[in-house]
Amino acid sequence: MSRRTQRKTEAQIEIVSLTRTSVRFVLSEAELSLANSLRRAMIAEVPTMAVDLIEVEDNTSPLHDSFIAHRMGLVPLVSHDVDNYVLPTQCDCIEGCERCQVEFKLDVMNTRDVPLAVRSDKLVPFDDTKVYPLGQDPDVDVDEPVLITKLGKNQRLALHAVAKKGIGKEHAKWCPVAVATFQHDPDVTVDQAVMDKLEEAQKQAFVRSCPTNVFAYDDTSRQVVVEDASKCMYCKECVKKAEDLGEVDLVRVASKPGRFIFTVESTGVLTPEYIVMKAFDVLNDKLQTLETAISSSVTGAHDDDHNAHGFGSTSTGMDTTGDDDYAIL
């Protein structure tokens, strides 16, 4: 039986930029499968809080109850306290408790002649909690709270909402990211010997061919330099321009092996750095579960084989991860 070779290097992360709502980083020393698994985990596996149930007391607004329920579910709830709650399927209660849900109330009536906008800032929690609609935190800058509906004169919307913990794989309302993408780290090189054959106008035309301004023209040295390779989006316009100029070896566009540039934008319910770290935790938990399952299967298979030959049980409490076992990456 052949063995898989275990990687000796560990994945590395280099933060390029970090703001309150977004992070851009480089993942290096990693396989494409790990990069894509991280992206999928951020989208579908990082838990947040979202409205999952509403009980309408009075609704004379232009939208019927199911419309209101749908819009309430998509209201972003700040979920910095999400780790203090459990999934409803993992809670011991029957009808919900403070360990698995947060309750809100909304009661708005328009007594004026002009339409009244009902927004998410009118959603008030029953108890003191760190789970609340985005826009109620004065330290977080948002354009305005989420619009739920508009009320005409003497119209009223009153309801009771219940928020629960969940993941994006179950429903998009629990997805913590608006953007979670990655690309290969570009490797762009210019052959200066070939570039020196071109006239000044041709060099400048080559620089302008890139729509993302990867290249720059140095007036002092009169050379074309790669100003920022990370801006490359692999459109190959520079390669096409080189072919038009009759110099196919002028530029080379490739990717650096094992390096990926991630762009992650949070919906505001969680900090971007928490989303990335939590996604790694999710992947680690999955790998540990897989390792345990495989180890149990191998041990069980060895026991069955020995019992079939009359050797009895081989359970000795010894470590079963020997040289003939596959390495779990």
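Scope of this entry: the structure provided in the associated data block. (Residues numbered from 1 in each chain as written. Predicted model: local features only at pLDDT ≥ 70, side-chain atom pairs only at ≥ 80, totals over all residues. Heavy atoms only, no water.)

### Some thoughts on the sheet that holds strand β7 (residues 124–125)
Consideration 1: On the basis of which strands lie adjacent, the open sheet formed by four strands has the order β3-β10-β5-β7 and antiparallel pairing. A strand with exactly one partner marks an edge of an open sheet, and here the two such strands are β3 (48–59) and β7.
Consideration 2: As defined by bridge partners, strand β5 (residues 101–109) adjoins strand β10 (residues 156–166) across nine bridges and the pair is classed as antiparallel. Residue Phe104 lies in a different strand from β10, and its bridge partner there is Ala161.
Consideration 3: This element, helix α2 (residues 65–73), spans β3 and β10 of the sheet and lies at about 155° to β3. (Pairing = 2+ DSSP bridges. Helix = DSSP H or I, 4+ residues; strand = E, 2+ residues; numbered from the N terminus. Contact = heavy atoms within 4.5 Å. Axes fitted to C-alpha atoms, helices over the stretch in contact; angles between N-to-C directions.)

### What about a nonpolar patch on the surface?
Consideration 1: A contiguous nonpolar surface patch, about 270 Å² in accessible area, is contributed by Ile13, Ile15 and Leu18.
Consideration 2: Note on placement: Ile15 falls in strand β1 (residues 12–18). (Patch = residues over 30% accessible without salt bridge, like charges linked within 9 Å, V, L, I, M, F, W, Y side chains within 5 Å. Areas by Shrake-Rupley, 256 points an atom, 1.4 Å probe, with all protein chains shown as cover. Salt bridge = Lys/Arg side-chain N within 4 Å of Asp/Glu carboxyl O.)

### Regarding the environment of Pro125
Consideration 1: Topologically, Pro125 is positioned in strand β7.
Consideration 2: Along the chain, Pro125 and Glu103 lie 22 residues apart, while their C-alpha atoms are 5.8 Å from each other.
Consideration 3: Contacts of Pro125, omitting those with residues within four sequence positions, involve Glu103 and Phe104.

### Concerning the packing of aromatic side chains
Consideration 1: In the structure shown here, the tally under the stated rule is four aromatic pairs.
Consideration 2: Pairing Phe182 with Phe260 gives two aromatic rings, centres 5.7 Å apart and planes at 90°, and the pair type is edge-to-face. With a gap of 78 residues between them, Phe182 in strand β11 (residues 177–190) and Phe260 in strand β14 (residues 251–266) connect regions that are remote in the sequence.
Consideration 3: Assessed through its relative accessible area of 21%, Phe182 is described here as partly exposed. (Phe/Tyr/Trp six-rings, centres within 6.5 Å; stacked < 30°, edge-to-face > 60°. Buried < 20%, exposed > 50% of the residue type's maximum accessible area, 1.4 Å probe, protein only.)

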